[in-house]
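# A structural walkthrough
Residues per chain are reported as follows:
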Amino acid sequence: MSTTGKVIKCKAAVAWEDGKPLTIEEVEVAPPQEHEVRIKIVATGVCHTDLHFLYTSHRKGGFPCILGHEGAGIVESVGPGVTKFKPGDKVIPVFVSQCGECKNCRSPRSNLCDNSWWSKQQYDGKTEPLGRITCKGRRIIQFEGLGTFAEYSIVYEIAVAKIDDDAPLDKVCLLGCGVSTGYGAALNSAKVQPGSTCAVFGLGAVGLAAVMGCQAAGASRIIAVDINKDKSSKAKEFGATDFVNPNDHDKPIQEVLSSLTDGGVDYSFECVGNVELMVSALEACNKSWGVSVIVGWNNTEMLSVSPVQMIGGRRWTGTVFGGWKSVESVPKLVADYMAKRIKLDEFITHTLPLEGVNDAFDLMTAGKSIRTILKM
Ligand SMILES: NC(=O)c1ccc[n+]([C@@H]2O[C@H](COP(=O)([O-])OP(=O)(O)OC[C@H]3O[C@@H](n4cnc5c(N)ncnc54)[C@H](O)[C@@H]3O)[C@@H](O)[C@H]2O)c1
Ligand SMILES: [Zn+2]
Ligand SMILES: [Zn+2]
C-alpha cells in the first residue's frame, strides 16, 4: 500500500531533555511539502556531535528533538516542485545544504550555504525546521535539519545527495558526516602538500578520516595523538606513521611534537572539540607556515592564545563538513568508496538496532567504539 500523501507513523529515538537517555517513540511524519523529500532512513551513524548537543545544548527550545545527522536512505515520496528525486532513489541527507544559488554556493572558496537549515527560521521563528514530525501531539525538532535516528525523515531537497543505486547504505551513511569531514579537512581545508608532516589530535571517526586524508594527500609523516592508547593500532591502519599519547609525557604535547619534528608540524587537526587542545594543536605547528584546522565542535567555550603565536605567519582555520560542497561531492565520495579509494568499513566497530542508540552513546563515551551504525 502506497504511503504517498499520507502521514507515516513510525519509530524514532526522541531526546526530550538535556542529558537524558533517548526514548523510542511512535512519531507521525507528515507528507512532504514544497521542495521537501521524505526519506526512509535505512542506516545512520552516531557522531560525537549528537552527544554534544544532547549534553550541552544551550539552545532555547532545543527539545524535544530527533538527533542523528549521518544517515542514508531511500526516497519514499517528494513534495511539489521537487524534480531531482523520485521514490526509490538512494540518498544521503546532508547537514550542510547546497542550493547552488546563494553567495556561498556560488563561491569556490566556501562549502557553506545561506539556505541551510540554520538560516531557515520557519514557523514560530524560534526552532529549527521542518516541523513536519510530531510525537504525542508535540512538534519534534529535527537536529541539523535532518533527524536520522528515525525510520522516516523529511528534508529540504537542497540538503539531499543522490547516490549510486548499488551503494551499501549501512556503510556510506558515514559519508553524511564524520568521514567526509575528517577526510576533507586534510584535502580541502588544510590542502596538505605531498611530503609534509601532519599531526591529528583525537582518533574517533573524524580524526581517523583526517589521517586517511593526510595519507591520500601524500604526507610523509602523520603523527596520531590520543589519550586512549587503544587507538594506536587503528591509527596505523589508516596511515599514521607515529602514535603519541600525551599522558606518556611530562611536557605539554605541543612541545613533544615540536621536538619530534624539528620545530613543529606543517599541518595539525584538532578532532576532539577541546579548546585547550585547539591551542596545543596550533602551537604544535611550525611557527612560520604551520596551518592548524579546528574540526572538533565546541560552541560553549572561548579560545585564548597569545598573538605572538600567530605573528610569524602560523594560521588557524576551521572546517564544516570537510569543506565539501555537499550535494555535488557526496556522490563522488560514495564512488570513491565503491572503487576502494577510501575506507569506510574499517570505521565501523558496532552495528545495533535503533533501540541501541543509548548504548551507542555509552560505547563512544567509554572509548570502545569508532563508529556504531544503527540499522532501522
Ligand atoms: N567540523 C565538523 O563539521 C564536524 C563534523 C563531525 C564531527 N565534528 C566534531 O569532531 C569531533 C570528533 O568527533 P568524533 O565523532 O570523531 O568523536 P569521538 O568521540 O569518536 O572521538 C574523539 C577522540 O578524541 C580523543 N580525545 C579526547 N580528549 C583528548 C585529548 N585531550 N587529547 C587527545 N585526544 C583526545 C578520544 O579518546 C577519542 O578517541 C567532535 O567534537 C565532533 O562534534 C565536527
Ligand atoms: Zn557529525
Ligand atoms: Zn546555497
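Residues numbered from 1 in each chain as written. Chains lettered and ligands numbered in written order. Predicted model: local features only at pLDDT ≥ 70, side-chain atom pairs only at ≥ 80, totals over all residues. Heavy atoms only, no water.

The name an unreviewed UniProt entry assigns to the protein chain is Alcohol dehydrogenase 1-like, from the organism Erpetoichthys calabaricus. The UniProt entry for the protein chain carries this comment under Sequence similarities (unreviewed entry): "Belongs to the zinc-containing alcohol dehydrogenase family." As its UniProt record puts it under Cofactor (unreviewed entry), the protein chain is described as follows: "Zn(2+)". (UniProt positions renumbered as here; feature names shortened; annotations may be inferred.)

With that settled, the discussion passes to the nonpolar core. Ranked by internal contacts, the top residues of the largest apolar core, which has 72 residues, are Ile-92, Val-172, Leu-175, Val-192, Cys-214, Phe-269 and Phe-347. Once residues within four sequence positions are removed from consideration, Val-192 is found in contact with Ala-186, Cys-198, Cys-214, Ala-217, Ala-219, Tyr-267 and Phe-269. Membership of the second largest hydrophobic core comes to 32 residues, among which are Val-46, Ile-133, Phe-149 and Met-364. (Core = buried A, V, L, I, M, F, W, Y, C linked by side-chain atoms within 4.5 Å. Buried < 20%, exposed > 50% of the residue type's maximum accessible area, 1.4 Å probe, protein only. Contact = heavy atoms within 4.5 Å.)

The subject of this paragraph is the pattern of salt bridges. For the coordinates displayed, the defined rule picks out 15 salt bridges. Glu-36 is the partner of Arg-132 in a salt bridge, and the nearest nitrogen-oxygen pair spans 2.7 Å. In this pair, Arg-132 sits in the loop between α2 (103-106) and β7 (133-135) while Glu-36 sits in strand β3 (residues 36-45), placing the two residues 96 residues apart along the sequence. As far as burial versus exposure is concerned, Arg-132 and Glu-36 are alike and both buried. Here Asp-89 and Lys-162 are joined by a salt bridge, their closest N and O atoms 3.9 Å apart. Of the two residues, Asp-89 sits in the loop between β5 (71-78) and β6 (90-93) while Lys-162 sits in strand β10 (residues 160-162), which places them 73 residues apart along the sequence. Via salt bridges that share partners, Lys-86, Asp-89 and Lys-162 belong to a single interconnected network. (Salt bridge = Lys/Arg side-chain N within 4 Å of Asp/Glu carboxyl O. Helix = DSSP H or I, 4+ residues; strand = E, 2+ residues; numbered from the N terminus.)

Binding of the zinc ion (ligand 3) to the protein goes through Cys-99 (SG), Cys-102 (SG), Cys-105 (SG) and Cys-113 (SG), at separations of 2.3 to 2.4 Å. When the donor residues of the zinc ion (ligand 3) are listed from N- to C-terminus, their spacing reads C-x2-C-x2-C-x7-C. Considered together, Cys-102 and Cys-105 belong to a single accessibility category, that of buried residues. (Donors = N, O, S within 2.8 Å, 3.2 Å for Na, K, Ca; no water.)

Here the focus is unusual backbone geometry. Its identity is not glycine, yet Lys-136 carries a phi of approximately 50 degrees, on the positive side. Here Lys-136 shows up in the loop between β7 and β8 (138-142). The class of Lys-136 is exposed, set by a relative accessible area of 64%. Even without being glycine, Glu-144 reaches a positive phi, approximately 55 degrees. Mapped onto the elements of the fold, Glu-144 is located in the loop between β8 and β9 (152-156).

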